[in-house]
Amino acid sequence: MRLIPILILVLVPKITKAQSVSTLMGGRSAALGNASSTLSDNWSLFNNAAGLSKTQSKNVNFAYAVNPALPGANRMAAAINLPLRMGALGGGVFKFGDELYSEQIISAGYANQFGLASLGATVSYVQYRAEGLGTRSALAIHFGGIATLTPKVSVGAYIANVNQPNISATGEKLPVRMASGALFHPEEKLGLLLEIEKDLHYAPTIKGGVEYEIYKKVKARTGFNLNPNSIHGGVGYQSARLNIDYALQYNTAIKTAYQLSMGYAFSNRKEKE
């Protein structure tokens, strides 16, 4: 019975952007409609690698995304981020699917700050496996940048699979996906995000999000997507070492999906120095 939802997920482009599932991860990003091109957080390795440059502590992170309407289509990921004297490194793993169809990714990334701008890159080993069709793999490269224009305004952009690697013997390539967006802080506790994402083969998706600090260390979030349409929401808690983010998403096609991510920070750069 799992074959039907998997086929829906893979073959209906309006839902999934076709050849591969989304690797955008983290409860914060998910609650903000996955408008993550300007975010610098523990999941930047899977979103915009440039955000890694803001890493201030060694941290480990885990995320699990569930869609009850699509059994066998859950996603999970883990990431570790390390600040360096110049920039920061990130490494992580991602998995989607089950024994019938799965996508598995191992990624490594680096980012550094250059004046007002951060630049980052990620290299990913991507493996697809389908029952009866065997296993395919490819090496994909992603680039990203985030610029702080003023204390209240940041812009960001990234491009995924820029090298267009072949994933099959027939020449099928991993899809090139680009996104650019802006983050505006009209006040310290409030963040407004707007982003446009474009897969080369499909119409663009408009994303938006709002993040507000409702109490010390606690933030409420909401977001939306247009084409395909979906609404998002969630909450997050962040202390000096622990962060927990929960998100839900509703789409008329795939109904409600959930994501929970957790991270733990070890000694930070300032303590080390």
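Our subject is the structure listed above.
Residues numbered from 1 in each chain as written. Predicted model: local features only at pLDDT ≥ 70, side-chain atom pairs only at ≥ 80, totals over all residues. Heavy atoms only, no water.

**Student:** Break down the packing of aromatic side chains for me, with residues and values.
**Tutor:** Within this structure, the stated rule accounts for five aromatic pairs. Taking the centre distance of 6.4 Å and the plane angle of 45° together, the rings of Phe 46 and Phe 94 count as tilted. Residue Phe 46 is found in the loop between α3 (27-31) and β1 (57-66), and its partner Phe 94 is found in strand β3 (residues 88-97); the two are separated by 48 residues along the sequence. Overall, Phe 46 belongs to the buried group, its relative accessible area being 6%. Its relative accessible area of 3% is what places Phe 94 among the buried residues. The interplanar angle of 70° and the centroid separation of 6.2 Å between the aromatic rings of Phe 96 and Tyr 101 together place this pair among those described as edge-to-face. Taken as a pair, Phe 96 and Tyr 101 share a single burial class, namely buried. Taken together, Trp 43, Phe 46 and Phe 94 form an aromatic cluster joined through their ring pairs. (Phe/Tyr/Trp six-rings, centres within 6.5 Å; stacked < 30°, edge-to-face > 60°. Helix = DSSP H or I, 4+ residues; strand = E, 2+ residues; numbered from the N terminus. Buried < 20%, exposed > 50% of the residue type's maximum accessible area, 1.4 Å probe, protein only.)

**Student:** Could you give an account of unusual backbone geometry, naming the residues involved and the relevant values?
**Tutor:** The residue after Asn 227, namely Pro 228, is reached through a cis peptide bond having omega 0°. Structurally, Pro 228 is set in the loop between β11 (218-226) and β12 (230-238). One non-glycine residue with positive phi stands out, namely Asn 161, at about 60°. Residue position: Asn 161 is located in the loop between β7 (153-160) and β8 (177-187). The backbone phi angle of Lys 217 is positive, close to 70°, even though this residue is not glycine. By the element assignment, Lys 217 lies in the loop between β10 (205-215) and β11.

**Student:** Explain the pairing of strand β6 (residues 134-150) to me, using residue names and the numbers behind them.
**Tutor:** Bridge count between strand β5 (residues 117-130) and β6: 14 bridges; the pairing is antiparallel. Counterpart to Ala 117 in the pairing with β6 is Ala 147. Taking the residues that link successive antiparallel strands as the turn, the β5-β6 hairpin has three residues, and the phi of Gly 132 there is positive, at about 85°. Strand direction decides the pairing type here: β6 and β7, joined by seven bridges, are antiparallel. Bridging from a neighbouring strand, Ala 147 pairs with Val 155 of β7. Taking the residues that link successive antiparallel strands as the turn, the β6-β7 hairpin has two residues. (Pairing = 2+ DSSP bridges.)

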